Amino acid sequence: MNLISLSPLAYVSLFAIAVIGLPHGSLDGAIASFLGFKSIKSFSKFLFLYIIMSIGVICFWFLFPVISLLLFLLISIYHFGSCDANFIINKIDKLIISIAHGGSVVMGVIYFQKDISFQIFEYLSGSKIYLFFQFVDYFFYLILIFIFFYIYLCLKKKKLFKNFIEIPLILLIAFFAHPLVTFSIYFCCIHTPRHIVDVIKNLRKKNYNYMKIIYTTIIFTVLSWLLGLIGYLYLLPTFGNTEAILKVVFIGLAALTLPHMILVDGFYKPETRKSH
């Protein structure tokens, strides 16, 4: 396996993903309470299922790393796109905008920085995943088609342009910057603030106790940091510093993304739409 050395900026990006990006998922405790898991018994049940699902993702990743990596990329495209197109009601428009947004983030980074991206993937999967490498260009061209359709929608509905400009901005950054830098900029400066603002806005409508938001967010964040540190110390002797950090950050993200996505996209968003 080829060794790569991460620049100080790449390490800062990983730190930002863990410290700034992670807390947006830590709002899941507040979301669960918003959805009705308010008693100690019901919240404990929610927390138990959340943790079991996360552990299941981690186990599945170590058993089937290549499949897990590819599924993580697909899930990320869906989740990022779904978040960015949450304001769209029309299903066809929502599909176009979701794939354009989510795909530009994930496939844009991979397409413009293939060598570094696939070195990182090699660390995460233990394989060079040649088949995916051969089709990267075609996947990116497919995303471009959806982006062109998105441009057409912007011409019809001028209000869509405000969100559309994120796409060329991310692609421009992806062209010049390290993949970890581009991802951290999107994750920490676009995706995370958008989610936090949306959740707090909806909780505020329900007169939700802000102290509960703070407490549950702190608990989830600190717990995630502690588990990440334990995972890093466990992997360090076997894989070394760079690979251990990459595995902890991205396998950890995958482990948190699945239950987070099920909660947010499957239960929270439909519930908030009912109240609008």
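Residues numbered from 1 in each chain as written. Predicted model: local features only at pLDDT ≥ 70, side-chain atom pairs only at ≥ 80, totals over all residues. Heavy atoms only, no water.

Regarding helix α9 (residues 166-176)
Think of an α-helix as turning once every 3.6 residues; residues three or four places apart then point the same way.
So, point 1. Among the residues making up α9, those that are buried are Glu166, Ile167, Ile170, Leu171, Ile173 and Ala174. Projection of α9 onto a plane perpendicular to its axis shows the buried side chains occupying an angular sector of 160°, all on one side. The outward face of α9, more than 90 degrees from its buried face, is lined by the exposed residues Leu172 and Phe176.
So, point 2. Looking at the buried side of α9, the elements it contacts are α5 (91-112), α7 (130-156), α8 (161-164) and α10 (179-205). (Buried < 20%, exposed > 50% of the residue type's maximum accessible area, 1.4 Å probe, protein only. Helix = DSSP H or I, 4+ residues; strand = E, 2+ residues; numbered from the N terminus. Arc of directions from axis to C-beta. Contact = heavy atoms within 4.5 Å.)

Details of the packing of aromatic side chains
So, point 1. Considering all chains together, one arrives at 25 aromatic pairs under this definition.
So, point 2. Ring geometry for Tyr50 and Phe220: centres 5.9 Å apart, planes at 80°, overall edge-to-face. With Tyr50 in helix α3 (residues 40-63) and Phe220 in helix α11 (residues 210-239), this residue pair connects regions lying 170 residues apart in the sequence.
So, point 3. According to the relative accessible area criterion, Tyr50 is buried, its value standing at 7%.
So, point 4. Note on Phe220: relative accessible area 10%, which makes it buried.
So, point 5. Taking the centre distance of 5.0 Å and the plane angle of 45° together, the rings of Phe60 and Phe64 count as tilted.
So, point 6. Classification of Phe60 by relative accessible area gives partly exposed; the value is 35%. (Phe/Tyr/Trp six-rings, centres within 6.5 Å; stacked < 30°, edge-to-face > 60°.)

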